[in-house]
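For reference, the chains in residue letters:
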Amino acid sequence: MKIKPGWDVDVVRRIRQRFPDTPLMADANSAYTLADAPLLKQLDEFKLTMIEQPLAHDDIIDHAQLQAQLETPICLDECIRTAHHAEQAIRLKAGRIVNIKLGRVGGFGEAKRLHDVCQAAGIPVWCGGMLEAGIGRAHNIALATLPNFTLPGDVSASKRYWKRDIIVPEVETTPRGTIALTDAPGFGYEIDHDFLRHATVREEAAGAGQ
Ligand SMILES: [Mg+2]
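Procedures and definitions
Residues numbered from 1 in each chain as written. Predicted model: local features only at pLDDT ≥ 70, side-chain atom pairs only at ≥ 80, totals over all residues. Helix = DSSP H or I, 4+ residues; strand = E, 2+ residues; numbered from the N terminus. Buried ≥ 20, exposed ≤ 12 C-beta atoms within 10 Å, placed from the backbone. Contact = placed C-beta atoms within 7 Å. Pairing = 2+ DSSP bridges. Axes fitted to C-alpha atoms, helices over the stretch in contact; angles between N-to-C directions. Parallel < 35°, antiparallel > 145°, perpendicular 65-115°, else oblique. Left-handed = near helix turned anticlockwise from the far one by under 90°. Nonpolar A, V, L, I, M, F, W, Y, C, P; charged D, E, K, R; others polar. Arc of directions from axis to C-beta. Core = buried A, V, L, I, M, F, W, Y, C linked by C-beta atoms within 7 Å. Right-handed = clockwise from strand over helix to strand, strands pointing away.

(A) Summary view of the overall build of the chain. In terms of regular secondary structure, the chain is built from eight helices and seven strands. Principal-axis analysis of the C-alpha atoms places the extent of the chain at approximately 55 × 40 × 30 Å. Here the chain holds 210 residues, and 31% of them are scored as buried. A fraction of 60% describes how many contacts in the chain between residues 6 or more apart in sequence connect residues 24 or more apart.

So this is what it looks like as structure tokens:
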């Protein structure tokens, strides 16, 4: 769930009362400062899987100070844009989990390096989404197959956000919330070119040219 000042401890308490055994996580999207540490400490009693990015989007040092005061693991999201950022965060003990988003780190190369840095340090990762259509979603699914993605990701079914996706087959989730992988080559799905043409509002060409 998303939390922010005025929408945090009471909301999490009620959800925890309703779902006593369900793994829960809270994402603050940088809504707090270190001065809010006593308030964030109150969340410890709800045994959240993690609190994601409570402090500034470009901060690592304050997160380290906050993590030292919390039992709940901090998950770093916005402030980790490179594997080097993760190395620094790990050295400072700024968090115990990292959310890896392909769009945030600039692609597979950096995502894989980031994954490996975290794995070597015993920091589990999970795959966050940024409202991708099918092509991006398929890449998220591929990324999430790396071995250190041990926490549930938020890669969802195509129909969660789209009436019709631009890939075939569409991504479906099982009743357990899992996604069956395909062995198809490439990114594992076909682009629905007819529908993509139908949905296109602007075209630009890029390439090496002549
Ligand atoms: Mg987040």
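(B) Molecular detail of the sheet that holds strand E4 (residues 97-100). With parallel pairing, the five strands of this open sheet are ordered in space as E1-E2-E3-E4-E5. Lying at the two open borders of the sheet, with one neighbouring strand each, are strand E1 (25-27) and strand E5 (125-127). On average, each strand axis in the sheet is inclined to that of its neighbour by 25°, with strand direction left out of account. Judged from the three bridges that link them, E4 and E5 form a sheet pairing that is parallel. Bridging from a neighbouring strand, asparagine 99 pairs with tryptophan 126 of E5. With respect to the sheet, helix H6 (residues 108-120) is in contact with E4 and E5, its orientation differing from that of E4 by roughly 170°.

(C) Here's a closer look at the packing of helix H4 (residues 83-91) against H6. Packing of H4 against H6 leaves a shortest axis separation of 8 Å and a crossing angle of 20°. The orientation of H4 with respect to H6, classified from their angle, is roughly parallel. Crossing geometry of H4 relative to H6 is assigned as right-handed. Every residue of H6 that contacts H4 at Ala83, Ala86 and Glu87 is listed here: Glu110, Arg113, Leu114, Val117 and Cys118. Taken together, the residues of the contact of H4 with H6 break down into five nonpolar, no polar and three charged.

(D) Up close: H4. For H4, the full list of buried residues reads Ala86, Ala89 and Ile90. All buried residues of H4 lie within an arc of 100° about the axis, which places them on one face of the element. Among the residues trailing H4, lysine 93 stands out with phi positive, at a value near 55°.

(E) Molecular detail of the environment of aspartate 8. Examined against the element boundaries, aspartate 8 turns out to sit in the segment before helix H1 (9-18). Between the C-alpha atoms of aspartate 8 and proline 147, which are 139 residues apart in sequence, the distance is 32 Å.

(F) Region of interest: helix H7 (residues 134-143). With seven of ten residues buried, H7 lies mostly within the body of the structure. For H7, the full list of buried residues reads Gly134, Arg137, Ala138, His139, Asn140, Ile141 and Leu143. Turning to H7, the residues buried within the fold contact E4, helix H5 (102-105), H6, E5 and strand E6 (167-168).

(G) Spotlight on the nonpolar core. With 43 residues, the main nonpolar core has Ala26, Ile51, Leu76, Ala86, Val98, Ile100 and Leu114 as its most contacted residues. For this core, the element with the most residues is H6, which contributes four residues. When residues no more than four places from it in sequence are discounted, the contact partners of leucine 114 are Ile80, Ala83, Ala86, Ile100 and Val105.

(H) Spatial organisation of the environment of valine 125. Tracing the backbone shows valine 125 in strand E5. In contact with valine 125, not counting residues within four places along its chain, are Val98, Ile100, His115, Cys118, Asn148 and Phe149.

(I) Structural context of the environment of alanine 35. When you line up the elements, alanine 35 lands in the loop between E1 and helix H2 (37-41). Distance in space between the C-alpha atoms of alanine 35 and leucine 66 is 9.5 Å, their sequence separation being 31 residues.

(J) Up close: the pairing of E4. With burial as the criterion, each face of E4 is covered, one bearing Ile97 and Asn99 and the other bearing Val98 and Ile100. Here strand E3 (residues 74-76) pairs with E4 via two bridges, running parallel. What sits directly across from leucine 76, in E4, is valine 98. Handedness of the crossover is the feature at issue here: the chain leaves E3, passes through H4, returns alongside E4, and the resulting connection is right-handed.

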